[in-house]
Amino acid sequence: MNFENLQQTDPLCYQLMIDEMQRQEESLELIPSECIASLSTIEALGSPLTNKYSEGYAGARYYGGNEVIDEVEQLAIERAKQAFPWVKHVNVQAYSGSPANMAIYNGLCEAGDTILGLSLSQWGHLTHGHKVSATSKFFNAVQFGLNTDGYIDLEEVERLAHEHNPKVIVVGFTAYSREFPFEAFSKIAESVGAYLMADISHISGLVVSGAHTSPVPYVDVIMTTTHKTLGGPRWALIMTTEKWLKKDPEMAKKIDKSIFPGLQWGPHNHQTLAIAVALGEALTPEFREQGHQIVKNAQALGKYLEEYGFDLATGGTDNHLLLMSVGKGRGGFLQEALDMAGITLNKNTVPNDPGTAFNPSGVRMGTPIMTMRGMREAEMKQVAGWIYRVSEIITDFVYIDDKEARKERLKEFRAFIAENQELKDIKEEVKNLCIQFPIYK
Ligand code: DSN
(Lines give C-alpha, C1' and ligand atoms only; values in the text may rest on other atoms or scores of the structure.)
Protein backbone atom coordinates (compact mmCIF):
# COMPACT_ATOMS: atom_id res chain seq x y z
CA MET A 1 0.00 0.00 0.00
CA ASN A 2 1.26 3.42 -0.88
CA PHE A 3 0.64 6.31 1.52
CA GLU A 4 3.42 8.62 0.39
CA ASN A 5 1.35 11.83 0.48
CA LEU A 6 0.32 11.23 4.08
CA GLN A 7 3.88 10.32 4.99
CA GLN A 8 5.15 13.63 3.64
CA THR A 9 2.43 15.99 4.87
CA ASP A 10 1.60 14.49 8.27
CA PRO A 11 4.30 12.11 9.56
CA LEU A 12 2.58 11.79 12.95
CA CYS A 13 -0.71 10.52 11.51
CA TYR A 14 1.22 8.38 9.04
CA GLN A 15 3.20 6.75 11.86
CA LEU A 16 0.09 6.03 13.93
CA MET A 17 -1.47 4.35 10.91
CA ILE A 18 1.66 2.28 10.30
CA ASP A 19 1.78 1.25 13.98
CA GLU A 20 -1.82 0.02 13.84
CA MET A 21 -1.22 -1.82 10.56
CA GLN A 22 1.79 -3.52 12.12
CA ARG A 23 -0.24 -4.46 15.22
CA GLN A 24 -2.87 -6.05 12.99
CA GLU A 25 -0.29 -7.94 10.91
CA GLU A 26 1.62 -9.33 13.90
CA SER A 27 -1.22 -10.33 16.20
CA LEU A 28 -4.16 -12.69 16.13
CA GLU A 29 -7.50 -10.90 16.05
CA LEU A 30 -10.21 -13.13 17.47
CA ILE A 31 -12.91 -10.50 18.02
CA PRO A 32 -15.80 -12.08 16.09
CA SER A 33 -17.28 -8.79 14.88
CA GLU A 34 -14.17 -7.69 12.98
CA CYS A 35 -13.03 -8.44 9.46
CA ILE A 36 -10.41 -7.59 6.88
CA ALA A 37 -11.57 -5.20 4.19
CA SER A 38 -9.92 -5.91 0.84
CA LEU A 39 -7.42 -3.52 -0.70
CA SER A 40 -10.02 -2.66 -3.36
CA THR A 41 -12.52 -1.76 -0.64
CA ILE A 42 -9.89 0.37 1.09
CA GLU A 43 -9.08 2.15 -2.16
CA ALA A 44 -12.79 2.93 -2.64
CA LEU A 45 -12.96 4.22 0.96
CA GLY A 46 -10.01 6.50 0.30
CA SER A 47 -11.50 7.88 -2.93
CA PRO A 48 -12.53 11.47 -3.72
CA LEU A 49 -16.19 10.38 -3.62
CA THR A 50 -15.97 11.67 -0.06
CA ASN A 51 -15.99 15.20 -1.53
CA LYS A 52 -19.60 15.15 -2.71
CA TYR A 53 -22.90 16.06 -1.00
CA SER A 54 -25.88 13.97 -2.21
CA GLU A 55 -28.88 14.43 0.09
CA GLY A 56 -31.83 12.45 -1.22
CA TYR A 57 -31.95 9.28 -3.29
CA ALA A 58 -30.94 8.36 -6.85
CA GLY A 59 -32.82 10.56 -9.31
CA ALA A 60 -34.13 12.82 -6.54
CA ARG A 61 -31.20 14.68 -4.98
CA TYR A 62 -31.24 18.13 -3.47
CA TYR A 63 -27.94 19.18 -5.04
CA GLY A 64 -26.75 18.88 -8.62
CA GLY A 65 -23.75 16.97 -9.92
CA ASN A 66 -24.95 13.61 -8.63
CA GLU A 67 -25.31 11.68 -11.86
CA VAL A 68 -22.30 9.44 -11.07
CA ILE A 69 -23.22 9.08 -7.40
CA ASP A 70 -26.70 7.92 -8.49
CA GLU A 71 -25.06 5.12 -10.47
CA VAL A 72 -22.83 4.17 -7.52
CA GLU A 73 -25.81 3.97 -5.17
CA GLN A 74 -27.90 1.93 -7.64
CA LEU A 75 -25.01 -0.45 -8.14
CA ALA A 76 -24.64 -1.01 -4.37
CA ILE A 77 -28.41 -1.65 -4.14
CA GLU A 78 -28.43 -4.10 -7.06
CA ARG A 79 -25.48 -6.03 -5.65
CA ALA A 80 -27.16 -6.20 -2.22
CA LYS A 81 -30.26 -7.67 -3.90
CA GLN A 82 -28.07 -10.27 -5.63
CA ALA A 83 -26.29 -11.12 -2.36
CA PHE A 84 -29.61 -11.44 -0.47
CA PRO A 85 -31.97 -12.90 -3.11
CA TRP A 86 -35.67 -12.01 -2.83
CA VAL A 87 -35.03 -8.85 -0.87
CA LYS A 88 -37.30 -6.25 -2.44
CA HIS A 89 -35.93 -2.91 -1.31
CA VAL A 90 -32.51 -1.83 -0.02
CA ASN A 91 -31.38 1.36 1.66
CA VAL A 92 -27.59 1.78 1.61
CA GLN A 93 -27.38 5.14 3.38
CA ALA A 94 -27.48 4.34 7.12
CA TYR A 95 -24.26 5.51 8.78
CA SER A 96 -23.70 2.20 10.60
CA GLY A 97 -25.52 -0.47 12.57
CA SER A 98 -26.71 1.59 15.53
CA PRO A 99 -28.17 4.45 13.43
CA ALA A 100 -29.69 1.85 11.09
CA ASN A 101 -31.52 0.12 13.94
CA MET A 102 -32.74 3.49 15.21
CA ALA A 103 -33.92 4.34 11.68
CA ILE A 104 -35.97 1.15 11.50
CA TYR A 105 -37.73 1.85 14.81
CA ASN A 106 -38.23 5.46 13.79
CA GLY A 107 -39.76 4.36 10.49
CA LEU A 108 -42.08 1.74 11.96
CA CYS A 109 -43.03 3.11 15.38
CA GLU A 110 -44.46 6.19 17.00
CA ALA A 111 -42.64 7.49 20.09
CA GLY A 112 -43.58 5.28 23.04
CA ASP A 113 -44.43 2.18 21.00
CA THR A 114 -43.05 -1.08 22.34
CA ILE A 115 -40.00 -2.89 20.95
CA LEU A 116 -39.01 -6.36 22.17
CA GLY A 117 -35.35 -7.43 21.98
CA LEU A 118 -32.68 -9.52 23.68
CA SER A 119 -31.09 -7.91 26.71
CA LEU A 120 -27.47 -6.73 26.36
CA SER A 121 -26.21 -8.77 29.31
CA GLN A 122 -27.56 -11.89 27.59
CA TRP A 123 -25.85 -11.10 24.29
CA GLY A 124 -28.22 -8.64 22.65
CA HIS A 125 -27.10 -5.18 21.54
CA LEU A 126 -27.41 -1.71 23.06
CA THR A 127 -29.74 -0.72 20.22
CA HIS A 128 -32.11 -3.62 20.89
CA GLY A 129 -33.56 -1.59 23.75
CA HIS A 130 -30.92 -1.44 26.48
CA LYS A 131 -31.65 1.10 29.22
CA VAL A 132 -28.69 3.38 28.42
CA SER A 133 -29.51 3.48 24.68
CA ALA A 134 -31.73 6.12 23.04
CA THR A 135 -33.76 3.17 21.73
CA SER A 136 -35.21 2.78 25.24
CA LYS A 137 -35.64 6.55 25.74
CA PHE A 138 -37.93 7.02 22.75
CA PHE A 139 -39.54 3.59 22.69
CA ASN A 140 -40.88 1.31 25.40
CA ALA A 141 -38.21 -1.37 25.42
CA VAL A 142 -39.00 -4.82 26.76
CA GLN A 143 -36.16 -7.32 27.01
CA PHE A 144 -36.06 -11.11 26.87
CA GLY A 145 -33.20 -13.42 27.84
CA LEU A 146 -31.70 -16.86 27.58
CA ASN A 147 -32.73 -20.10 29.23
CA THR A 148 -30.41 -21.87 31.64
CA ASP A 149 -28.78 -23.82 28.78
CA GLY A 150 -27.74 -20.59 27.04
CA TYR A 151 -30.30 -20.82 24.21
CA ILE A 152 -32.83 -18.09 23.42
CA ASP A 153 -35.78 -18.53 25.76
CA LEU A 154 -38.51 -18.73 23.11
CA GLU A 155 -41.20 -19.35 25.72
CA GLU A 156 -40.26 -16.05 27.36
CA VAL A 157 -40.26 -14.27 23.99
CA GLU A 158 -43.77 -15.57 23.32
CA ARG A 159 -45.03 -14.68 26.80
CA LEU A 160 -43.60 -11.14 26.64
CA ALA A 161 -44.92 -10.63 23.11
CA HIS A 162 -48.47 -11.50 24.25
CA GLU A 163 -48.14 -9.45 27.44
CA HIS A 164 -46.71 -6.27 25.84
CA ASN A 165 -48.01 -6.37 22.27
CA PRO A 166 -44.82 -4.95 20.69
CA LYS A 167 -44.81 -3.05 17.42
CA VAL A 168 -41.39 -4.53 16.55
CA ILE A 169 -39.70 -7.73 17.67
CA VAL A 170 -35.94 -7.91 17.12
CA VAL A 171 -34.20 -11.21 16.38
CA GLY A 172 -30.51 -10.44 16.58
CA PHE A 173 -27.56 -11.20 18.85
CA THR A 174 -23.91 -10.32 19.35
CA ALA A 175 -22.62 -13.36 21.22
CA TYR A 176 -24.93 -16.24 20.30
CA SER A 177 -23.07 -19.21 18.89
CA ARG A 178 -26.11 -21.03 17.55
CA GLU A 179 -28.36 -20.67 14.48
CA PHE A 180 -30.62 -17.62 14.77
CA PRO A 181 -34.16 -19.08 15.16
CA PHE A 182 -35.84 -16.91 12.49
CA GLU A 183 -38.76 -19.24 11.87
CA ALA A 184 -39.72 -19.53 15.55
CA PHE A 185 -39.58 -15.74 15.93
CA SER A 186 -41.66 -15.34 12.79
CA LYS A 187 -44.48 -17.44 14.28
CA ILE A 188 -44.42 -15.38 17.48
CA ALA A 189 -44.38 -12.06 15.60
CA GLU A 190 -47.30 -13.15 13.42
CA SER A 191 -49.31 -14.29 16.43
CA VAL A 192 -49.22 -10.74 17.88
CA GLY A 193 -49.16 -8.78 14.60
CA ALA A 194 -45.68 -7.34 15.26
CA TYR A 195 -43.09 -6.48 12.65
CA LEU A 196 -40.13 -8.80 12.81
CA MET A 197 -36.72 -7.24 12.33
CA ALA A 198 -33.56 -9.33 11.98
CA ASP A 199 -30.25 -7.78 12.99
CA ILE A 200 -27.89 -10.15 11.18
CA SER A 201 -24.77 -8.00 11.49
CA HIS A 202 -22.69 -10.85 12.91
CA ILE A 203 -23.76 -13.53 10.46
CA SER A 204 -24.59 -11.73 7.20
CA GLY A 205 -21.46 -13.02 5.45
CA LEU A 206 -22.43 -16.54 6.48
CA VAL A 207 -25.97 -15.99 5.15
CA VAL A 208 -24.60 -14.82 1.79
CA SER A 209 -22.29 -17.87 1.72
CA GLY A 210 -25.12 -20.28 2.48
CA ALA A 211 -23.41 -21.22 5.77
CA HIS A 212 -26.39 -19.93 7.81
CA THR A 213 -30.16 -19.93 7.20
CA SER A 214 -31.37 -16.78 5.48
CA PRO A 215 -33.85 -14.59 7.36
CA VAL A 216 -35.41 -13.37 4.10
CA PRO A 217 -38.43 -15.76 4.03
CA TYR A 218 -39.23 -15.18 7.70
CA VAL A 219 -38.79 -11.53 8.61
CA ASP A 220 -40.08 -8.13 7.48
CA VAL A 221 -36.92 -6.08 7.64
CA ILE A 222 -33.23 -6.97 7.84
CA MET A 223 -30.39 -4.82 9.12
CA THR A 224 -26.78 -5.77 8.73
CA THR A 225 -23.57 -3.94 9.26
CA THR A 226 -21.19 -4.51 6.38
CA HIS A 227 -17.94 -4.77 8.36
CA LYS A 228 -18.33 -8.09 10.14
CA THR A 229 -18.49 -11.47 8.35
CA LEU A 230 -19.58 -9.58 5.22
CA GLY A 231 -15.98 -8.34 5.02
CA GLY A 232 -16.65 -4.78 3.87
CA PRO A 233 -16.32 -1.19 5.09
CA ARG A 234 -17.89 0.08 8.34
CA TRP A 235 -21.46 0.76 7.20
CA ALA A 236 -24.95 -0.78 7.15
CA LEU A 237 -27.69 -2.07 4.86
CA ILE A 238 -31.43 -1.98 5.59
CA MET A 239 -33.35 -4.48 3.47
CA THR A 240 -37.07 -5.03 3.32
CA THR A 241 -38.66 -8.29 2.25
CA GLU A 242 -41.67 -9.23 0.18
CA LYS A 243 -43.41 -10.27 3.39
CA TRP A 244 -43.21 -6.74 4.66
CA LEU A 245 -44.28 -5.14 1.42
CA LYS A 246 -47.37 -7.38 1.39
CA LYS A 247 -48.26 -6.07 4.85
CA ASP A 248 -47.80 -2.44 3.92
CA PRO A 249 -46.61 -1.35 0.45
CA GLU A 250 -45.57 2.02 1.92
CA MET A 251 -43.15 0.55 4.43
CA ALA A 252 -40.01 0.75 2.29
CA LYS A 253 -40.75 4.43 1.71
CA LYS A 254 -41.18 4.91 5.46
CA ILE A 255 -37.70 3.50 6.06
CA ASP A 256 -36.19 5.70 3.34
CA LYS A 257 -37.88 8.75 4.85
CA SER A 258 -36.75 7.75 8.31
CA ILE A 259 -33.12 7.75 7.13
CA PHE A 260 -33.46 10.91 5.07
CA PRO A 261 -34.69 13.44 6.05
CA GLY A 262 -35.67 11.83 9.40
CA LEU A 263 -32.29 11.12 10.93
CA GLN A 264 -29.49 11.81 8.46
CA TRP A 265 -28.51 14.16 5.67
CA GLY A 266 -25.73 13.53 3.18
CA PRO A 267 -24.83 9.89 2.50
CA HIS A 268 -21.11 9.09 2.59
CA ASN A 269 -20.51 8.32 -1.04
CA HIS A 270 -17.03 6.85 -0.64
CA GLN A 271 -18.60 4.34 1.76
CA THR A 272 -21.38 3.56 -0.73
CA LEU A 273 -18.74 2.84 -3.38
CA ALA A 274 -16.85 0.64 -0.91
CA ILE A 275 -20.05 -1.29 -0.12
CA ALA A 276 -20.59 -1.90 -3.83
CA VAL A 277 -17.01 -3.23 -4.06
CA ALA A 278 -17.39 -5.47 -0.99
CA LEU A 279 -20.76 -6.81 -2.19
CA GLY A 280 -19.19 -7.58 -5.56
CA GLU A 281 -16.58 -9.64 -3.71
CA ALA A 282 -19.30 -11.33 -1.65
CA LEU A 283 -20.86 -12.68 -4.86
CA THR A 284 -17.78 -14.75 -5.75
CA PRO A 285 -17.31 -18.53 -5.19
CA GLU A 286 -14.23 -17.70 -3.04
CA PHE A 287 -16.38 -15.72 -0.62
CA ARG A 288 -18.85 -18.60 -0.41
CA GLU A 289 -16.03 -21.01 0.41
CA GLN A 290 -14.66 -18.56 2.99
CA GLY A 291 -18.04 -18.38 4.80
CA HIS A 292 -18.14 -22.16 5.21
CA GLN A 293 -14.50 -22.22 6.32
CA ILE A 294 -15.16 -19.57 9.00
CA VAL A 295 -17.70 -21.96 10.54
CA LYS A 296 -15.42 -25.01 10.17
CA ASN A 297 -12.60 -23.10 11.85
CA ALA A 298 -14.87 -22.02 14.73
CA GLN A 299 -16.00 -25.61 15.23
CA ALA A 300 -12.40 -26.84 15.13
CA LEU A 301 -11.28 -24.17 17.61
CA GLY A 302 -14.19 -25.15 19.88
CA LYS A 303 -13.27 -28.83 19.70
CA TYR A 304 -9.61 -28.17 20.60
CA LEU A 305 -10.59 -25.81 23.45
CA GLU A 306 -12.91 -28.49 24.85
CA GLU A 307 -10.07 -31.00 24.65
CA TYR A 308 -8.12 -28.65 26.92
CA GLY A 309 -11.07 -28.77 29.36
CA PHE A 310 -12.63 -25.37 28.59
CA ASP A 311 -16.37 -24.96 29.07
CA LEU A 312 -18.13 -23.60 25.94
CA ALA A 313 -21.58 -22.00 26.14
CA THR A 314 -24.14 -24.39 24.59
CA GLY A 315 -21.25 -26.83 24.08
CA GLY A 316 -20.07 -25.44 20.75
CA THR A 317 -21.03 -23.34 17.76
CA ASP A 318 -23.05 -23.28 14.54
CA ASN A 319 -21.53 -20.01 13.35
CA HIS A 320 -18.37 -17.91 13.55
CA LEU A 321 -18.09 -17.40 17.31
CA LEU A 322 -17.51 -19.17 20.60
CA LEU A 323 -18.28 -18.15 24.12
CA MET A 324 -16.26 -19.74 26.90
CA SER A 325 -16.60 -19.68 30.69
CA VAL A 326 -13.33 -19.06 32.55
CA GLY A 327 -14.44 -18.74 36.19
CA LYS A 328 -16.30 -16.11 38.19
CA GLY A 329 -15.33 -12.60 37.09
CA ARG A 330 -12.18 -13.81 35.32
CA GLY A 331 -12.99 -12.91 31.69
CA GLY A 332 -11.06 -9.63 31.95
CA PHE A 333 -7.97 -11.38 33.35
CA LEU A 334 -7.81 -13.74 30.39
CA GLN A 335 -8.49 -10.94 27.90
CA GLU A 336 -5.61 -8.84 29.25
CA ALA A 337 -3.17 -11.73 29.52
CA LEU A 338 -3.95 -12.81 25.95
CA ASP A 339 -3.44 -9.23 24.79
CA MET A 340 0.10 -9.45 26.20
CA ALA A 341 0.60 -12.59 24.12
CA GLY A 342 -0.63 -10.92 20.91
CA ILE A 343 -4.08 -12.55 20.90
CA THR A 344 -7.08 -10.22 20.98
CA LEU A 345 -10.55 -11.26 22.11
CA ASN A 346 -13.08 -9.74 24.49
CA LYS A 347 -14.43 -10.49 27.95
CA ASN A 348 -18.12 -11.36 27.86
CA THR A 349 -20.93 -12.52 30.09
CA VAL A 350 -21.82 -16.21 29.91
CA PRO A 351 -25.17 -17.91 30.64
CA ASN A 352 -26.10 -17.56 34.33
CA ASP A 353 -22.95 -15.48 34.83
CA PRO A 354 -21.87 -15.45 38.49
CA GLY A 355 -19.78 -12.30 37.84
CA THR A 356 -20.90 -8.80 36.90
CA ALA A 357 -21.30 -6.82 33.65
CA PHE A 358 -17.88 -5.21 34.23
CA ASN A 359 -16.29 -8.38 35.56
CA PRO A 360 -17.93 -11.11 33.49
CA SER A 361 -16.98 -14.76 33.69
CA GLY A 362 -16.30 -15.52 30.06
CA VAL A 363 -14.61 -14.53 26.85
CA ARG A 364 -16.01 -14.25 23.31
CA MET A 365 -13.93 -15.14 20.29
CA GLY A 366 -14.42 -15.85 16.61
CA THR A 367 -12.70 -16.98 13.46
CA PRO A 368 -13.54 -14.45 10.67
CA ILE A 369 -10.20 -12.65 10.57
CA MET A 370 -8.06 -15.75 11.03
CA THR A 371 -9.98 -17.40 8.17
CA MET A 372 -9.71 -14.31 5.96
CA ARG A 373 -5.92 -14.48 6.50
CA GLY A 374 -5.95 -18.06 5.18
CA MET A 375 -5.68 -19.97 8.46
CA ARG A 376 -7.34 -23.38 8.65
CA GLU A 377 -8.06 -26.15 11.19
CA ALA A 378 -4.35 -26.86 11.86
CA GLU A 379 -3.81 -23.25 12.97
CA MET A 380 -6.94 -23.44 15.17
CA LYS A 381 -5.21 -26.22 17.12
CA GLN A 382 -2.22 -23.94 17.72
CA VAL A 383 -4.48 -21.06 18.81
CA ALA A 384 -6.34 -23.28 21.30
CA GLY A 385 -2.95 -24.36 22.69
CA TRP A 386 -1.85 -20.76 23.21
CA ILE A 387 -5.14 -19.86 24.91
CA TYR A 388 -4.67 -22.82 27.24
CA ARG A 389 -1.05 -21.89 28.06
CA VAL A 390 -1.98 -18.28 28.79
CA SER A 391 -4.87 -19.35 31.03
CA GLU A 392 -2.50 -21.65 32.96
CA ILE A 393 -0.04 -18.77 33.52
CA ILE A 394 -2.71 -16.72 35.32
CA THR A 395 -4.43 -19.40 37.43
CA ASP A 396 -3.43 -17.63 40.67
CA PHE A 397 -5.52 -14.60 39.78
CA VAL A 398 -9.16 -14.96 40.79
CA TYR A 399 -12.06 -12.56 41.24
CA ILE A 400 -12.26 -10.87 44.65
CA ASP A 401 -15.65 -9.63 45.87
CA ASP A 402 -14.28 -6.74 47.95
CA LYS A 403 -13.85 -3.73 45.64
CA GLU A 404 -10.70 -2.25 47.22
CA ALA A 405 -8.95 -5.61 47.49
CA ARG A 406 -9.96 -6.31 43.88
CA LYS A 407 -8.35 -3.06 42.69
CA GLU A 408 -5.08 -3.98 44.43
CA ARG A 409 -5.11 -7.48 42.98
CA LEU A 410 -5.72 -6.05 39.50
CA LYS A 411 -2.62 -3.86 39.88
CA GLU A 412 -0.58 -6.93 40.88
CA PHE A 413 -2.02 -8.85 37.95
CA ARG A 414 -1.10 -6.13 35.45
CA ALA A 415 2.45 -5.91 36.79
CA PHE A 416 2.71 -9.71 36.60
CA ILE A 417 1.58 -10.04 32.97
CA ALA A 418 3.72 -7.09 31.86
CA GLU A 419 6.85 -8.92 33.06
CA ASN A 420 5.99 -12.56 32.44
CA GLN A 421 8.55 -14.18 30.14
CA GLU A 422 6.31 -17.02 28.94
CA LEU A 423 3.72 -14.51 27.69
CA LYS A 424 6.52 -12.76 25.82
CA ASP A 425 7.59 -16.09 24.32
CA ILE A 426 4.03 -16.88 23.22
CA LYS A 427 3.78 -13.42 21.66
CA GLU A 428 6.83 -14.24 19.55
CA GLU A 429 5.31 -17.58 18.50
CA VAL A 430 2.04 -15.82 17.59
CA LYS A 431 3.94 -13.27 15.54
CA ASN A 432 5.80 -16.02 13.70
CA LEU A 433 2.50 -17.64 12.72
CA CYS A 434 0.92 -14.33 11.72
CA ILE A 435 3.70 -13.35 9.37
CA GLN A 436 3.11 -16.58 7.45
CA PHE A 437 -0.46 -15.36 6.82
CA PRO A 438 -0.08 -11.68 5.85
CA ILE A 439 -3.27 -9.60 5.84
CA TYR A 440 -2.27 -7.62 2.79
CA LYS A 441 -0.06 -9.64 0.47
N1 DSN B 1 -19.46 -4.07 18.63
C2 DSN B 1 -20.20 -5.13 17.96
C3 DSN B 1 -19.78 -6.46 18.46
O4 DSN B 1 -18.62 -6.59 18.83
O5 DSN B 1 -20.55 -7.41 18.47
C6 DSN B 1 -21.65 -4.92 18.01
O7 DSN B 1 -21.97 -3.64 17.56
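Before going into details, it helps to say that this report is about the structure given with it. Just so you know, these numbers come straight off a predicted model, no measurement behind them. (Residues numbered from 1 in each chain as written. Predicted model: local features only at pLDDT ≥ 70, side-chain atom pairs only at ≥ 80, totals over all residues. Heavy atoms only, no water.)

Side note on helix α14 (residues 331–340)
Next up, step 1: For α14, the complete set of buried residues consists of Gly-331, Gly-332, Phe-333, Leu-334, Ala-337 and Leu-338.
Next up, step 2: Looking one or two residues past α14, Gly-342 carries a phi angle of roughly 80 degrees, positive in sign. (Buried < 20%, exposed > 50% of the residue type's maximum accessible area, 1.4 Å probe, protein only. Helix = DSSP H or I, 4+ residues; strand = E, 2+ residues; numbered from the N terminus.)

Re the packing of aromatic side chains
Next up, step 1: With the rule as written, the count across this model stands at 18 aromatic pairs.
Next up, step 2: Note on Tyr-62 and Phe-260: the rings are 5.7 Å apart at their centroids and 70 degrees apart in plane angle, and the pair reads as edge-to-face. Taken together, the positions of Tyr-62 in the loop between β3 (60–61) and α4 (67–83) and Phe-260 in helix α11 (residues 251–263) put the pair 198 residues apart, joining distant regions of the chain.
Next up, step 3: For Phe-260, a relative accessible area of 7% corresponds to the buried category.
Next up, step 4: Centre to centre, the rings of Tyr-95 and Trp-235 are 5.8 Å apart; their planes meet at 55 degrees, and the pair counts as tilted. (Phe/Tyr/Trp six-rings, centres within 6.5 Å; stacked < 30°, edge-to-face > 60°.)

Side note on the nonpolar core
Next up, step 1: Of all hydrophobic cores here, the largest spans 60 residues; its most connected members are Phe-84, Ile-152, Ile-169 and Leu-237.
Next up, step 2: For this core, the leading source of residues is helix α8 (residues 182–192), giving five residues.
Next up, step 3: If you look at the next biggest cluster of nonpolar residues, it comprises 39 residues, including Leu-28, Leu-305, Phe-333 and Ile-343. (Core = buried A, V, L, I, M, F, W, Y, C linked by side-chain atoms within 4.5 Å.)

Regarding the pairing of strand β12 (residues 321–325)
Next up, step 1: With respect to burial, β12 is a largely interior element, four of its five residues being buried.
Next up, step 2: Across two bridges, the pairing between strand β11 (residues 311–312) and β12 is antiparallel. In the strand pairing of β12, Leu-312 is matched with Met-324.
Next up, step 3: Note that β12 and strand β15 (residues 362–366) share five bridges and pair antiparallel. If you follow Leu-321 over to β15, its bridge partner there is Gly-366. (Pairing = 2+ DSSP bridges.)

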